[in-house]
Amino acid sequence: MATMEKLFSYGTLRSKEIQMRLFKKLLVGTPDQLLGHRLKSLRIEEEFGMADYVVVVPTEAPSDPIHGVVFDISGSDLAKVDLFESNAYKRIQVTLNSGVVAWVYIEN
């Protein structure tokens with residue numbers, strides 16, 4: 001059995017369409033929060049022009065929550081996400097409000 005990773009998503013990856021496109025299946029997720037961070041707007045140049053996204057940045061206030069979903073994801077699917085996310089993001093491990101340790105993409 002492949003090792004399962006945890007991935008905290010607060011944006012695009014929560015979309016069923018994106019999941020089907022990337023993984024050819026839907027992910028199973030649980031709502032959770034990442035504290036001490038906030039979302040910041042980010043413009044990324046794409047094939048068809050500029051697109052607006054959000055990215056996680058740390059804040060001074062430990063109670064600032066980002067609401068999202070923790071997905072169980074295989075290592076090979078995580079590698080697909082690494083390719084999918086632009087180099088404006090980097091992947092780090094965080095401890096979520098529930099105590100779960102998960103990967104999250106934050107501002108590079």
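The structure this text deals with has already been given above.
Residues numbered from 1 in each chain as written. Predicted model: local features only at pLDDT ≥ 70, side-chain atom pairs only at ≥ 80, totals over all residues. Heavy atoms only, no water.

S.K.: What is the right way to read the nonpolar core from this model?
M.R.: Most often, soluble globular proteins have nonpolar side chains that are buried together. Ranked by size, the top nonpolar core spans 28 residues in total, and within it Leu7, Phe8, Tyr10 and Leu34 carry the most contacts. The set of elements that each furnish at least two residues to this core consists of strand E1 (4-9), helix H1 (16-23), strand E3 (37-46), strand E4 (49-58), strand E5 (65-74), helix H2 (75-84), strand E6 (89-95) and strand E7 (101-107). (Core = buried A, V, L, I, M, F, W, Y, C linked by side-chain atoms within 4.5 Å. Buried < 20%, exposed > 50% of the residue type's maximum accessible area, 1.4 Å probe, protein only. Helix = DSSP H or I, 4+ residues; strand = E, 2+ residues; numbered from the N terminus.)

S.K.: Any chance you could explain H2 here in plain terms?
M.R.: Residues separated by three or four positions in an α-helix point in the same direction, a consequence of the helix having 3.6 residues per turn. Turning to H2, its buried residues number three or more, namely Asp77, Leu78 and Val81. Across the axial projection of H2, the buried residues extend over an arc of 105°, all falling on one side. The outward face of H2, more than 90 degrees from its buried face, is lined by the exposed residues Ser76 and Leu83. Packing partners of the buried residues in H2 comprise E1, H1, E5, E6 and E7. (Arc of directions from axis to C-beta. Contact = heavy atoms within 4.5 Å.)

S.K.: Help me understand the side chain of glutamine 19 in this model?
M.R.: Here glutamine 19 is to be found in helix H1. Of note is the side chain of glutamine 19, whose polar atom sits 2.9 Å from the backbone oxygen of leucine 13. Those residues in contact with glutamine 19, other than ones at most four positions away along the chain, are Leu13, Arg14, Lys24, Lys25, Leu26, Leu27 and Phe71. (Polar contact = N/O pair within 3.5 Å; in protein donor to acceptor, adjacent residues only side chain to side chain.)

S.K.: What is the right way to look at the environment of threonine 59 in this model?
M.R.: With respect to the helices, strands and loops of the structure, threonine 59 is situated in the loop between E4 and E5. Put simply, threonine 59 and leucine 13 are 46 residues apart on the chain and 23 Å apart in space, counted from C-alpha to C-alpha. Within the local environment of threonine 59, its side chain forms a polar contact with the backbone oxygen of alanine 61, the two atoms lying 3.1 Å apart. Within the local environment of threonine 59, its side chain forms a polar contact with the side chain of aspartate 64, the two groups lying 3.0 Å apart.

S.K.: Mind showing me how you'd approach unusual backbone geometry here?
M.R.: When glycine is set aside, most residues are seen to have a negative phi, and most peptide bonds are trans. The backbone of lysine 24 shows a phi angle near 60°, a positive value even though the residue is not glycine. In this fold, lysine 24 is placed in the loop between H1 and strand E2 (29-35). A relative accessible area of 65% means that lysine 24 is categorised as exposed.

S.K.: How should the pattern of salt bridges be read in this particular structure?
M.R.: Any two side chains of opposite charge can pair if their charged atoms end up close together. The final tally for this structure, using the stated rule, is 6 salt bridges. Across the pair lysine 6 and aspartate 72 runs a salt bridge whose closest N-O atoms are separated by 2.6 Å. In this pair, lysine 6 is assigned in strand E1 and aspartate 72 in strand E5, connecting sequence segments 66 residues apart. Accessibility expressed as a relative area gives 33% for aspartate 72, which makes it partly exposed. For arginine 91, the salt bridge identified is with aspartate 82, shortest N-O distance 2.7 Å. Among the charged side chains, a salt-bridge network with shared partners connects Lys25, Asp77 and Lys80. (Salt bridge = Lys/Arg side-chain N within 4 Å of Asp/Glu carboxyl O.)

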